[in-house]
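# A closer look at the structure
Below, each chain spelled out in residue letters.
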Amino acid sequence: MSSPAELMSKLRPEASREPESGIISIFNYGRDREGIIPLWVGQGDTPTPRFIYESAVRSMEAGETFYTYQRGIPELRLALADYHARLYARSFDPENFFVTGSGMQAMQTVIQAVAGKGDEVVLASPAWTNYPAPLRLAGVQPREVPLSFANGRWNMDLDRMFDAVNARTRAMVMNTPSNPLGINMSADDILAVRDFCRKRGLWLIADEVYARFNFGVGNGPGNLPPSFLDICDEEEQFLMVNTFSKNWAMTGWRIGWAIAPKAIGQTLENIIQYNTSGVAQFMQRASVTALEEGEEFLTAQVEQARAGRDIVCNALRQVPGVQFQEPEGAFYLFFSVEGCTDAVELSRRMIDEIAVGVAPGPAFGPGGDGFMRLCFARSADSLEEAMNRLVPWLSKR
Ligand SMILES: Cc1ncc(COP(=O)(O)O)c(C=O)c1O
C-alpha cells in the first residue's frame, strides 16, 4: 500500500498543485453553522420555479432518459437562438450554440479547444476564481492583470492588459458584468478589446452570464449592458460562455451553453463527447421552458437583486473604512475593509462571531487583497438581518 504522500506525488503536478477554491473553502468552513446567512457563493435563496422543473419531470415520465445529442437537443439550440434574437434584436443561428454541463464547463470546453501546455491566456484580476484554475489544470499560464481601485472606483487599464499579451498568448477572457466587481465594460472598451484580438489573431472569450442583471439603463428588450455580441461576428475568433444557473435559479442543475463559430463545431462536439458526452435530455427540456417562459420570473429576480444591492450599499456606506464601487450589474458587492491584512481570517471570524458568510477577496486573484465579496441575490429580510449583524461588527472591529 502506498502512503497518501506517495500517491499525491504520482499525480500530474498541474492537478496536485491546484489549491481548493477560496470560495468553496469558506463555504465548507461555515456551511453547517447554526443561523448562518450565506452570502459567500453566487446564488440566491429562491429554488428553481415549479414551471421549469415540472418540464424536466414530464420529460422523464415520457422516458427521455437515454443518451442524446452531444451538442444539445435541436429544440434547445433553437430556443437559445430565439432567446438571443429577442434580446439582441438580430438573428442567431442554432448551429452556433453548444449545450454544456454548466457555464463552468462551457469555459472548460472552450479552453480545451484553444489553449494547452505552454500557452498563456490574459484576464483581469480580481476575476471569478474558476478562470485561472482550469487554465492551470490544462497546463496554460493565466496572465492575471490587476485592475486598480482608487477613489471608490475600479479602473480597467486596457493598455496593461494588451501589454500582457506575448507570442504565447492564445486568448483574452473578458467578463462583463464582472464577478466579483459588479462593473460593466463600456462599449468603447468592448470595441477596443475586439479590435485588439482581431489584430493579434487572439481568441476572445466573453463571459456575460450576468448580462440580465443590469441595474442601469440598458439596450433593447433585455435591458442589456454593452455586449460583445453587439459587435462580434459568430464566425470570427469569438467564443461566449453562458449558463442557466443565475437567470432562472438553476445553479444546482449544472447546465449552460457556449456560442462558437460553426467551423469549429465538430471539434467542440468532440470535446463534449470526451468529457461528459452531453447533458441529460430532461434537463435540456426544462431549459427550453426556462428560455421560453421564464421572463417574468427573471424580471422578479433582477428586481430582487436591485433591491438587495440598495440594502447592502446603504448599510455598508455607514461603516467607516469600508469602500466599494456601487455595482452596476451582476449580484455581488466587492468591498474593501481598511487595515484588513488577512481577508480569509476576517471572513472566518465573521462566521464565528456573527454567522454571516462572505467570500474573501484573495479568492478572486491578486487584485482582491483586503476585499470581501458578498452576494446580494437574496430576500430583503435576510439581507437586512445580515446588515444588522455586519454593520456594528465591522464598525467596532
Ligand atoms: C462569471 C461567471 N461565469 C460563469 C459562471 C458559471 O456558472 P455555472 O457553472 O453555475 O453555470 C459563474 C458562476 O458563478 C460566474 O460567476
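Criteria and cut-off values
Residues numbered from 1 in each chain as written. Predicted model: local features only at pLDDT ≥ 70, side-chain atom pairs only at ≥ 80, totals over all residues. Helix = DSSP H or I, 4+ residues; strand = E, 2+ residues; numbered from the N terminus. Rg over C-alpha atoms; globule rule 2.2 N^0.38 Å. Buried ≥ 20, exposed ≤ 12 C-beta atoms within 10 Å, placed from the backbone. Domains from an automatic or database assignment. Contact = placed C-beta atoms within 7 Å. Nonpolar A, V, L, I, M, F, W, Y, C, P; charged D, E, K, R; others polar. Axes fitted to C-alpha atoms, helices over the stretch in contact; angles between N-to-C directions. Left-handed = near helix turned anticlockwise from the far one by under 90°. Near = placed C-beta within 6 Å. Pairing = 2+ DSSP bridges. Parallel < 35°, antiparallel > 145°, perpendicular 65-115°, else oblique. Core = buried A, V, L, I, M, F, W, Y, C linked by C-beta atoms within 7 Å.

### Side note on the overall build of the chain
- A tally of helices and strands in the chain yields 14 helices and 15 strands.
- Computed over C-alpha atoms, the radius of gyration of the chain comes to 21 Å, within 12% of the 21 Å expected from 2.2 N^0.38 for 397 residues, which places it in the range of a compact globule.
- Counting only C-alpha atoms and orienting by the principal axes, one finds that the chain spans roughly 60 × 60 × 50 Å.
- For the chain, buried positions account for 47% of its 397 residues.

### Examining the domain arrangement of the chain
- We note that the domain assignment places domain 1 (4-48 + 296-396) and domain 2 (63-293) within the chain.
- Between the C-alpha centres of domain 1 and domain 2 the distance comes to 23 Å.
- Listed by partner, the interface residues are 39 residues for domain 1 and 36 residues for domain 2.
- Elements represented by at least two residues in the side of domain 1 that touches domain 2 include exactly α2 (13-17), α3 (22-30), α12 (295-316), β11 (322-324) and β12 (332-337).
- With 7 residues, α12 is the largest single contributor of residues to the side of domain 1 that touches domain 2.
- Of the residues assigned to the side of domain 1 that touches domain 2, the class counts are 17 nonpolar, 16 polar and 6 charged.

### Considerations on the packing of helix α4 (residues 50-61) against helix α11 (residues 281-293)
- Packing of α4 against α11 brings their axes to within 8 Å, and their N-to-C directions diverge by 145°. For α4 against α11, the interelement crossing comes out right-handed. Contacts from F51, I52, Y53, S55, A56, S59 and M60 of α4 reach α11 at Q281, F282, M283, R285, A286, T289, A290 and E293.
- Here the contact of α4 with α11 is built from residues that sort into 9 nonpolar, 4 polar and 2 charged.

### Quick word on the site of the ligand
- As a structural note, the neighbourhood of the ligand is formed by 13 residues, with S102, G103, M104, T243 and S245 the closest of them.
- Tallied by class, residues from the shell around the ligand come to 3 nonpolar, 9 polar and 1 charged.

### Let's talk about the sheet that holds β12
- Strands sit in the order β11-β12-β15-β14 across an open sheet of 4 strands; the sheet is antiparallel. What marks the edges here is a single partner per strand, and that holds for β11 and β14 (359-360).
- Note that β11 and β12 share 3 bridges and pair antiparallel. Looking at β12, one finds that F324 is bridged to F335.

### As for the packing of helix α6 (residues 103-114) against helix α10 (residues 265-275)
- The contact between α6 and α10 brings their axes to 10 Å, and the two run at 120°. Put simply, α6 runs oblique to α10. Handedness of the α6/α10 crossing: right-handed. Taken together, the residues of α10 that come into contact with α6 (itself represented by T109, Q112 and A113) are T267, L268, I271 and I272.

### Considerations on the nonpolar core
- Ranked by internal contacts, the top residues of the largest apolar core, which has 112 residues, are V110, M172, L204 and A258.
- With 6 residues, the single largest contributor to this core is α11.
- When we break this core down by domain, the ones giving at least three residues each are domain 1 (4-48 + 296-396) and domain 2 (63-293).
- Once residues lying within four places of it in the same chain are set aside, the contact partners of A258 are F98, T100, A106, T109, V110, L239, M240, V241 and L268.

### Observations concerning unusual backbone geometry
- Note that the residue after T176, namely P177, is joined by a cis bond; omega there is -10°.
- By the element assignment, P177 lies in the loop between β7 (169-175) and α9 (187-200).
- Put simply, N179 and P180 share a cis peptide bond, and its omega is 20°.
- If you trace the backbone, P180 turns up in the loop between β7 and α9.

### Examining the pairing of β7
- Of all 7 residues in β7, 7 are buried, a share of seventy percent or more.
- Judged from the 4 bridges that link them, strand β3 (residues 120-125) and β7 form a sheet pairing that is parallel. By the bridge assignment for β7, E120 is matched with T169.
- Judged from the 5 bridges that link them, β7 and strand β8 (residues 203-207) form a sheet pairing that is parallel. Across the sheet, residue V173 finds its bridge partner in β8, namely I205.

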